[in-house]
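Chain by chain, the residues:
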Amino acid sequence: FSNDFWGNPLWAGGWTHKSYRPLVVLSYAWQYKLNGGVIRPEPLRAFNVALHAANSVLVYLLLLRHCRIPWKWATVAAGLFATHPVHCENIIYLVGRADAMATACWLAALFVWPAQGASGGLRSRMFRVLLVASLAVIGGICKEIGFVVLLQLAASELLGRQPLRGAVPLLSIFFIVYLGRSWYTDGTKAGFSHVDTPVQYHADLWVRTWTYLYFHGKYAQLMVFPWTLSWDYSLDALPLMLATWRDVRSLLVLTAYLGIVSLASLGFSTRSRRLLLGISNIIIPFVPASNLFFVVGVTVGERLLYPCNVGFAMVVASVGSMTSTIPGKSVGKSRSLKPLIALALLMVFLTRGSLRVYQWSSRETLFGPDAMAYPRSTKARHQYGTVLHRVGRFDEALVHFNASLQIFPQSALTEYCMAQIYLETGRAQQAIDHLENIFGGHGLGFGRFNLYALYVDYGFALMMLGRYAEAIPQLAHGLELNEDVPHGLNALGYTYMQLQRYHEALDAFQRGLRYDPENFFIMNNLGVAHLLAGNLEVGADMVTAAFQRDPETPAFAKNVQLIGMMAQTNRWPNEHFALELFYNRGT
């Protein structure tokens, strides 16, 4: 209860995300305990599936009983909510649980509040106000949008016969809760990075404003026709609108807002309370994600549409069930087309949702299509590069890493991944160039937990080029930060061997073998070091043991042959014993 959603202390003086969601964290902890202290994704996602199924049923019941929608349209609209492709992120991506839990409280609050507004005596109204306020607080500590249901209920009251009597208590409680939450978390400003929220760092107000409006249009497109999806929309998936209104993407902004205005006009002209409530149920939960009042931690987040899609379902059901658009006039052919359009949209959602579930099944099937859909996304290109790197498709990985680096040249992690590929493929000088760029000042992505890797790999590259005296201090410093790097300890021992500092090499190899007892390369090298240090029997035994465990390695076979020659001739062989290097990527 004293940390933010990501585990950072709220009041320790360091950086905090300001997202306070203790009930969601408790749900993770509860499942972790039930799983015997083991992190397993299947039970976590099963919980999310059950939660989403429950929310889909609640949406159906809300439409059927609360909004008085005919069952056919309630079924179609609830089906759209259940199969909406953007909800894959809420189910599979564990962070999305927060939106689903908050929405469950949101739906419960809508059920509790009378469809036609507050009614009954003073005691009855007070009870309902306290009940929805409690649900709002519970939903709000699942995710911040939970608090906003009070504004949604206030909007429903403003459409009623006694707007102020019903709306004022709800608005008053909302502001009290909002101020209390802001006080508890010490405000809402979080200082997100340039990569996560690039728009806020642009100097021009109009560019920032038009880009945020473009994001609203993108959210509208994702709500109505979610075909091109991505796990991340940060830098530079959706480029800044530097030309403001002259950018062709302003047409998407215009379309989105004209669509809302047209629906509102239809609602007022037909006096459709449920349509207007559906529109408000899209707009009001979207406000916290709009970046209009405070900066959100994501550029665009598909999971943030989860509560808004309750309103989308209400709008579809309301428009679909209308018998006419203008009182007293028949809609003619449009009436027969509406079910076909709705069913076609449901099939699109079902198809795209099924594909998206498959894409979330592995890193390759997720990051590959996302990088193709948003080729200017620095994170998508980087992540797909890591997938290709992991399976040994080095040249393809470099293409994506280079693309990511062109978008965001300050990405030290991307440069480091490229340096790793160059080390693995024997191109030490190119690895050094990238590592020195990182040391030159833009170390974004490196901290106390992984800084050791830079020094170890820099020393490794220097060692590969034969610059042994320069390599030793780099390797030694990296291993001081984290000694559990067997390839680094082996490289340090190898370097000492080249400088004929055999006893120091023995120490490095022994430490490496302590961390990785089954590493035959270190075992062979330690045996050679013992031989050269004069410990012939120990050295011979270790070299022989390495060969017996891995007879296919040429260096091991050669060393065993040389030991045999020594035993036969009782002389030191003319050939040098072979040492082996290996490299394990990772930070």
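Model, not experiment: these values are computed from the prediction.

Draft legend 1. A look at the overall build of the protein. Check the secondary structure of the protein and you find 25 helices and 0 strands. Compactness check: the protein gives a C-alpha radius of gyration of 31 Å against a globular reference of 25 Å for 587 residues, more than 25% above the reference. Once the C-alpha set of the protein is aligned to its principal axes, its extents read approximately 110 × 50 × 45 Å. Here the protein holds 587 residues, and the buried ones make up 52% of them. At a minimum sequence separation of 6, the contacts of the protein that also span at least 24 residues come to 64%.

Draft legend 2. View of the packing of aromatic side chains. The full count for this structure, using the stated rule, is 21 aromatic pairs. Judged by centre distance (5.2 Å) and plane angle (75 degrees), the ring pair of Y233 and Y374 falls under edge-to-face. Here Y374 lies in the loop between α14 (363-373) and α15 (378-390) and Y233 lies in the loop between α9 (205-224) and α10 (250-269), a separation of 141 residues in the sequence. Residue Y233 is classed as buried on the basis of its relative accessible area, which comes to 2%.

Draft legend 3. Spatial organisation of a nonpolar patch on the surface. Among the surface-exposed residues, I283, V287, L292, F293 and F294 lie close enough to one another that they form a single nonpolar patch of about 460 Å² accessible area. In this fold, F293 is placed in the loop between α11 (273-286) and α12 (308-321). On the basis of relative accessible area, F293 is assigned to the exposed category, the value being 64%.

Draft legend 4. Quick look at the state of the cysteines. For the coordinates displayed, the defined rule picks out 0 disulfides. Free of any disulfide, C105 has its nearest cysteine sulfur in C142, 4.9 Å distant. Given a relative accessible area of 13%, C105 falls into the buried group. Under the relative-accessibility criterion, C142 is labelled buried at 2%.

Cut-offs used in this document
- Residues numbered from 1 in each chain as written.
- Predicted model: local features only at pLDDT ≥ 70, side-chain atom pairs only at ≥ 80, totals over all residues.
- Heavy atoms only, no water.
- Helix = DSSP H or I, 4+ residues; strand = E, 2+ residues; numbered from the N terminus.
- Rg over C-alpha atoms; globule rule 2.2 N^0.38 Å.
- Buried < 20%, exposed > 50% of the residue type's maximum accessible area, 1.4 Å probe, protein only.
- Contact = heavy atoms within 4.5 Å.
- Phe/Tyr/Trp six-rings, centres within 6.5 Å; stacked < 30°, edge-to-face > 60°.
- Patch = residues over 30% accessible without salt bridge, like charges linked within 9 Å, V, L, I, M, F, W, Y side chains within 5 Å.
- Areas by Shrake-Rupley, 256 points an atom, 1.4 Å probe, with all protein chains shown as cover.
- Salt bridge = Lys/Arg side-chain N within 4 Å of Asp/Glu carboxyl O.
- Disulfide = S-S within 2.5 Å.

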